[in-house]
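Read off the chains here:
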Amino acid sequence: MSLLEVSDLHVSFRTTDGDVQAVRGVSFELDAGRTLGIVGESGSGKSVCTQTLLGLTTGARVRGTARFEGEDLLSVSEDEFRAVRGAKIAAIFQDPLSSLHPLYKVGWQIVEMIRAHEPVNRAVARRRAVDLLGLVGIPHPAQRIDDYPHQFSGGMRQRALIAMALALDPKLVIADEPTTALDATVQAQILDLLLRLQQENGMALIMITHDLGVIAGLADEVMVMYAGRAAERADRRGLYYRAHHPYTNGLLESIPSSGAAGARLRPIPGQPPSLIRLPSGCAFHPRCEFAMDRCTREQPELVPVEDGVRHASACWLPGRLLGTTEEMKRARQDAGAAGRTVERVPGQSTGQDAAVEEGAA
Amino acid sequence: MLRFLVRRVLSGVLVLWLISLFTFGLFYVAPSNVPRMICGRLCTQSQVELITKQLGLNQPLPVQYWHFLDRLLHGDLGYSYYNSQPVSTLIGNALPITASLAIGAAVLWLVGGVAIGVVSAVRPRSLLDRAGTIFALIGLSMPSFLIGILLLYFLFFKLTTAGLAWFPPSGYVGITSDPLEWAHHLLLPWFALAFITAATYVRLTRNQMLEVLGEDYIRTARSKGVARSRVTIRHALRAALTPVVTQFGIDLAGLLGGAIVTERLFGLPGLGELAVSSVTRQDQPVVIATVLLAAVFIVVANIVVDLLYAVLDPRVRLG
């Protein structure tokens, strides 16, 4: 049994403009001590997905199951959920300044975390908080514990948040873009710290990011999300060297790499779709340069591609076309052209256009 | 900190001095004949001149003002033109009444307004929230005399004629002579005054809470597994309260200067009542004293509120 088994998770929010379908049938599992990277643009549903696991999506309609240590988090009572939250599943958020309460001392906030779950007195909790701050590399923790968040630097605040997340030795830590708000040099330090703590504590880690580069050295497995669905799932090597989904390949090609100085970045054309009015078929088809007629009609499921055991992709392109080599690109183009009856320009088309094209075809 | 305090006290003194100057000058802009009023219509001209001389009203205006200021700085507020009582005595009698009214009402509206505001914000668009919004709208749009009259009509007049004399009609009983009767007599005025002010606090608290509840640190608190009520009170309300406290200080100070309508309606001889009747009697020393006292409350409250702000929010630096 995996530590966490999410299956067919749907999350939607009712707004005055219509239902926002933030997550549309996502499944994944995570074993103890492993790291899962979830990658996607803003609005891909990656944060909503994990906030649902913490019970933070108030007002959302949630469907599916999320078994944590065998118990479905989505059907337990609020009190049972509260006991899990923080103690067994802890979270680290993006902006450490706004994620810490500005009016309470850093130590107070860590002590509160400990005392919310364990019947220890203030002095004991405080000693533990000092140890935790030391563990995450904050100098003079016994003094800094009485600082307010605004007296910390950005990197120190994120360290403090990490200390708080680790306070109760959680089985799973969800890090939602933990380095996005930090300077590049600090980013590397924080990632190193997370990795070291994970190895020491043996916790599982879900790392959410829009930056494939961040999880390159970190994740055992990566799930790429697009418009509320998983586009591709693979182990780290599979994803970086043998990506199947055109969206994953697009993400890989839009990473600035120091090795390819002078090479042009290839951004993915177009904008992520509206989650209220999604394109027909595959949600990525309006932006996909290989889109076929079928893509505008049928939504592809996540199916294994022709390499590893756990590599799967939700794309109608043949499963043998993997990676970003020129040869593979040509093969994809041929496959796309073969499945197409109408010429189309990626990035220009929208969901409505797709319906028109369909009618024309 | 010390520099801040010195600067604020100095500017406060300047404000008070300007107010004294304006209030003093105002009496000589409007046509009046104080000695004639004091003496009555049957006074002879020589009697009027004698009174004018006694009061120093024959001296040039700057000299009169200088004498007034000199006395004021020595703690002498002068004597009422109307009944010759020391102004300090008149104010000393009226201040406890106004303070009782204002502080009692302030506690009511603060507790009531913040509580309704929090409940509204925690369950937006619920029945409770809508009821709170309607309450706030009524309170904001209702003139203060109307709620007082309604309370008097239904809770005093109707009940009393029905044989249930639960509320006294008017008047004031000192808190030292009978605390229960003190509260009993003030209950209706407290509610009248609190009702119109509470509405502002409902709206302010609700808006602040809604804003704070969307903050990242509230998400953090919830992700920690802290109980929901604790997140609402210790995390959200604590952060939402800062502007409420600021508003509260200013409102309370404003009322300590006199709640004219409520005092008159419920027959409470407080500072507002004293100020209004003194204006109609052209009782200059009393008017100046009441105006200055009200100004002192406001000036002091502003300084206290700024200090409090720094206490409530560690990010604020005074300087």
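Located above this text is the structure these notes cover.
Just so it is clear, the structure is predicted and the values come from calculations on it, not from any experiment. The written sequence of each chain sets the order in which its residues are numbered from 1. Written order determines the labels here, with chains lettered from A and ligands numbered from 1. Owing to the predicted nature of the model, reporting of local features is limited to residues with pLDDT of at least 70; listing and counting of side-chain atom pairs is limited to 80 or more, with chain, interface and lining totals taken over all residues.

A. The arrangement of the nonpolar core in detail. Core analysis: the largest hydrophobic core is formed by 102 residues, its most contacted members being A:Ile110, A:Ala163 and A:Ile206. The helix count covers DSSP runs of H or I at least four residues long, the strand count covers runs of E at least two residues long, and both are numbered beginning at the N terminus. Among the elements that line this core, the one with the most residues is helix 7 (residues 154-165) of chain A, at seven residues. B:Trp190, B:Ala239, B:Phe248 and B:Leu252 belong to the second largest nonpolar core, which has 64 residues in total. Remark: nonpolar core denotes a set of buried Ala, Val, Leu, Ile, Met, Phe, Trp, Tyr and Cys residues whose joining runs through C-beta atoms within 7 Å. Any residue with 12 or fewer other C-beta atoms within 10 Å of its own C-beta is exposed, any with 20 or more is buried, and the rest are partly exposed; the C-beta atoms used are placed from the backbone.

B. Here's a closer look at the packing of helix 5 (residues 87-122) of chain B against helix 6 (residues 127-141) of chain B. All names here are of chain B. In the contact formed by helix 5 and helix 6, the axes pass within 8 Å of each other and the chain directions differ by 140 degrees. Classified by the angle between their axes, helix 5 and helix 6 sit oblique to one another. Regarding helix 5 and helix 6, the two cross each other, and that crossing is left-handed. Contacts between helix 5 and helix 6 involve Ile-116, Val-119 and Ser-120 from the former and Leu-128, Asp-129, Gly-132, Thr-133 and Phe-135 from the latter. Orientation is described by lines fitted to C-alpha atoms, with helices fitted over the stretch in contact, and by angles between N-to-C directions that extend from 0 to 180 degrees. Throughout this description, any angle smaller than 35 degrees is read as roughly parallel, any larger than 145 degrees as roughly antiparallel, any in the 65 to 115 degree range as roughly perpendicular, and the remainder as oblique. A crossing counts as left-handed when the near helix is turned anticlockwise from the far one by less than a right angle, and as right-handed when that turn is clockwise. In this description, a residue-residue contact is defined by the distance between C-beta atoms placed from the backbone, which must lie within 7 Å.

C. Region of interest: helix 8 (residues 179-213) of chain B. Residue count minus one, scaled by 1.5 Å, sets the expected span of a helix. Between its first and last C-alpha atoms helix 8 of chain B spans 41 Å; for 35 residues at 1.5 Å apiece the expected length is 51 Å, and the helix comes up short by more than 12%. Working definition for bend: take the seven residues up to and ending at a residue and the seven starting at it, fit an axis to each, and measure the angle between the axes. The sharpest bend along helix 8 of chain B comes to roughly 45 degrees, located at B:Leu186, with the proline B:Pro189 sitting one to four residues further on.

D. Representation of the sheet that holds strand 5 (residues 71-72) of chain A within the structure. Residue and element names in this part refer to chain A. Whether two strands pair comes down to DSSP finding at least two bridges between them. Here we have four strands laid out as an open sheet, ordered 2-1-4-5, and antiparallel in their pairing. Of all the strands in the sheet, just strand 2 (18-30) and strand 5 have a single pairing partner and so form its edges. Judged from the two bridges that link them, strand 4 (residues 60-68) and strand 5 form a sheet pairing that is antiparallel. In the sheet register, Phe-68 faces strand 5, and the bridge partner there is Glu-71.

E. Looking closely at the pairing of strand 7 (residues 172-176) of chain A. Residues and elements named next belong to chain A. In terms of burial, strand 7 is largely enclosed, as five of its five residues are buried. Going residue by residue along strand 7, you find Leu-172, Ile-174 and Asp-176 tucked away on one face and Val-173 and Ala-175 tucked away on the opposite face as well. The pairing of strand 6 (residues 89-92) with strand 7 spans four bridges and is classified as parallel. Residue pairing across strands places Ala-91 opposite Ile-174, the latter belonging to strand 7. In this structure, strand 7 lies alongside strand 8 (residues 204-209), joined through five bridges in parallel fashion.

F. Main features of the packing of helix 1 (residues 2-29) of chain B against helix 13 (residues 284-312) of chain B. Residues and elements named next belong to chain B. Two numbers describe how helix 1 lies on helix 13: the axes approach to 10 Å, and their chain directions differ by 160 degrees. Here helix 1 lies roughly antiparallel to helix 13, going by the angle between them. Here the hand of the crossing between helix 1 and helix 13 comes out right-handed. Of the residues in helix 13, those in contact with Arg-8, Gly-12, Val-15, Leu-16, Ile-19, Ser-20, Thr-23, Phe-24 and Phe-27 of helix 1 are Gln-284, Val-287, Ile-288, Val-291, Leu-292, Ala-295, Val-296, Val-299, Ile-303 and Asp-306.

G. Fine view of the interface of chain B and chain A. Taken together, the contacts link 18 residues of chain B with 22 residues of chain A. At the level of elements, helix 9 (216-223) and helix 10 (228-256) of chain B are the ones that each hand at least two residues to the side of chain B that touches chain A. Looking at the side of chain B that touches chain A, the element that brings in the most residues is helix 9 of chain B, giving seven residues. When the residues that make up the side of chain B that touches chain A are grouped by side-chain class, the tally is six nonpolar, four polar and eight charged. Three categories are distinguished: nonpolar for Ala, Val, Leu, Ile, Met, Phe, Trp, Tyr, Cys and Pro, charged for Asp, Glu, Lys and Arg, and polar for the others, with Gly belonging to the last.

H. Main features of the environment of A:Thr248. Residue and element names in this part refer to chain A. As for its position among the elements, Thr-248 is in helix 11 (residues 246-253). Given 25 C-beta atoms within 10 Å, Thr-248 falls into the buried group. Considering only alpha carbons, one finds Thr-248 and Arg-24, 224 residues apart in sequence, at a separation of 18 Å. Ignoring anything within four residues of it in the chain, the contact list for Thr-248 reads Val-224, Ala-231, Glu-232, Leu-239 and Ala-243.

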